[in-house]
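What follows is each chain in one-letter form.
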Amino acid sequence: MEKFLINIICEDVIHEAVIKKILDSTELFEVDSPYVEGKRSNIQEKIIKYNMSAEENNFFCLVDLDFDKCAPSLIKEWFDGFDKNPRLIFRVAVPEVESWLIADTKNFARFF
């Protein structure tokens with residue numbers, strides 16, 4: 001089966017590794033280009049451009065909730081005033097992607 005090419009947008013290399021693992025588990029996607037932006041605010045500044053680029057390319061974006069109230073309010077704030085392109089998959093790690101890793105106690109302990 002042919003895989004769909006997808007670009008990933010993330011904060012750091014930990015996010016990048018988590019996204020790649022998630023996408024690999026589906027066996028549907030092949031990562032085309034990773035955009036590691038360094039911090040969430042850099043992604044927020046570029047989200048409109050990424051959304052427009054999704055007309056031509058698939059994107060998976062993962063950001064941490066950090067100190068925001070909740071994921072739906074963060075999404076509403078970031079995409080206020082324009083429609084999110086369906087080819088841009090946007091997900092929020094609650095509270096942070098690192099907590100997902102630590103919560104997997106069996107594999108986390110085996111890794112260390």
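Residues numbered from 1 in each chain as written. Predicted model: local features only at pLDDT ≥ 70, side-chain atom pairs only at ≥ 80, totals over all residues. Heavy atoms only, no water.

1. Points about the packing of aromatic side chains
Short version of the rule: In this scheme Phe, Tyr and Trp rings, the latter by its six-membered ring, pair at centre separations within 6.5 Å, and the angle between planes marks the pair as stacked below 30 degrees, edge-to-face above 60, and tilted otherwise.
What the rule picks out here adds up to 7 aromatic pairs. Following the ring pairs from residue to residue traces out a cluster consisting of Trp78, Phe79, Phe82 and Phe90.

2. Things to note about the environment of Pro86
Short version of the rule: Secondary structure elements are taken from DSSP: a helix is a run of H or I of four residues or more, a strand is a run of E of two residues or more, and numbering for both begins at the N terminus. Buried, partly exposed and exposed residues are distinguished by accessible area as a fraction of the type maximum, computed with a 1.4 Å probe on protein chains only: under 20%, between the cut-offs, and over 50%, respectively.
By the secondary structure assignment, Pro86 is in the loop between α3 (71-78) and β4 (88-93). Judged by relative accessible area, which is 73%, Pro86 ranks as exposed. In this structure the C-alpha to C-alpha distance between Pro86 and Phe4, which are 82 residues apart in sequence, comes to 15 Å.

3. Observations concerning the pairing of strand β2 (residues 29-36)
Within a regular beta strand, the side chains point alternately toward one face of the sheet and then the other, so they alternate between its two faces. Selection rule: Paired strands are those between which DSSP finds at least two bridges. By convention, a crossover is right-handed whenever its connection, traced from the first strand over the helix to the second and viewed with the strands pointing away, goes clockwise.
The pairing of strand β1 (residues 4-10) with β2 spans 6 bridges and is parallel. Each bridged residue has a counterpart across the sheet, and for Ile8 the counterpart in β2 is Pro34. One crossover worth recording links β1 to the parallel β2 by way of helix α1 (residues 13-26), and it is right-handed.

4. What about the environment of Gly81?
For Gly81, the position within the fold is in the loop between α3 and β4. The exposure class of Gly81 is exposed, given its relative accessible area of 79%.

5. Focus: the pattern of salt bridges
Working definition: two side chains of opposite charge can pair if their charged atoms are close together. Put simply, the rule reads: Salt bridge criterion: a side-chain nitrogen from Lys or Arg within 4 Å of a carboxyl oxygen from Asp or Glu.
As enumerated under the stated definition, the model contains 4 salt bridges in all. Across the pair Asp66 and Arg40 runs a salt bridge whose closest N-O atoms are separated by 3.9 Å. Of this pair, Asp66 sits in the loop between β3 (59-64) and α3 while Arg40 sits in helix α2 (residues 40-53), placing them 26 residues apart in sequence. The exposure class of Asp66 is partly exposed, given its relative accessible area of 28%. The residue Arg40 makes a salt bridge to Asp68 at a minimum N-O spacing of 2.6 Å. Of this pair, Arg40 sits in helix α2 while Asp68 sits in the loop between β3 and α3, and the two are 28 residues apart along the sequence. Residue Asp68 is classed as partly exposed on the basis of its relative accessible area, which comes to 21%. When salt bridges that share partners are traced, they join Arg40, Asp66 and Asp68 into one network.

6. Topic: unusual backbone geometry
Here the amide bond leading from Val94 into Pro95 is cis, since omega sits at -15 degrees, within 30 degrees of zero. In this fold, Pro95 is placed in the loop between β4 and α4 (97-103). Even without being a glycine, Glu27 presents a positive backbone phi close to 60 degrees. Along the chain, the position of Glu27 falls in the loop between α1 and β2. Relative accessible area serves as the criterion here: at 55%, Glu27 is assigned to the exposed category. Positive phi outside glycine occurs at Asp66, with the angle close to 55 degrees.

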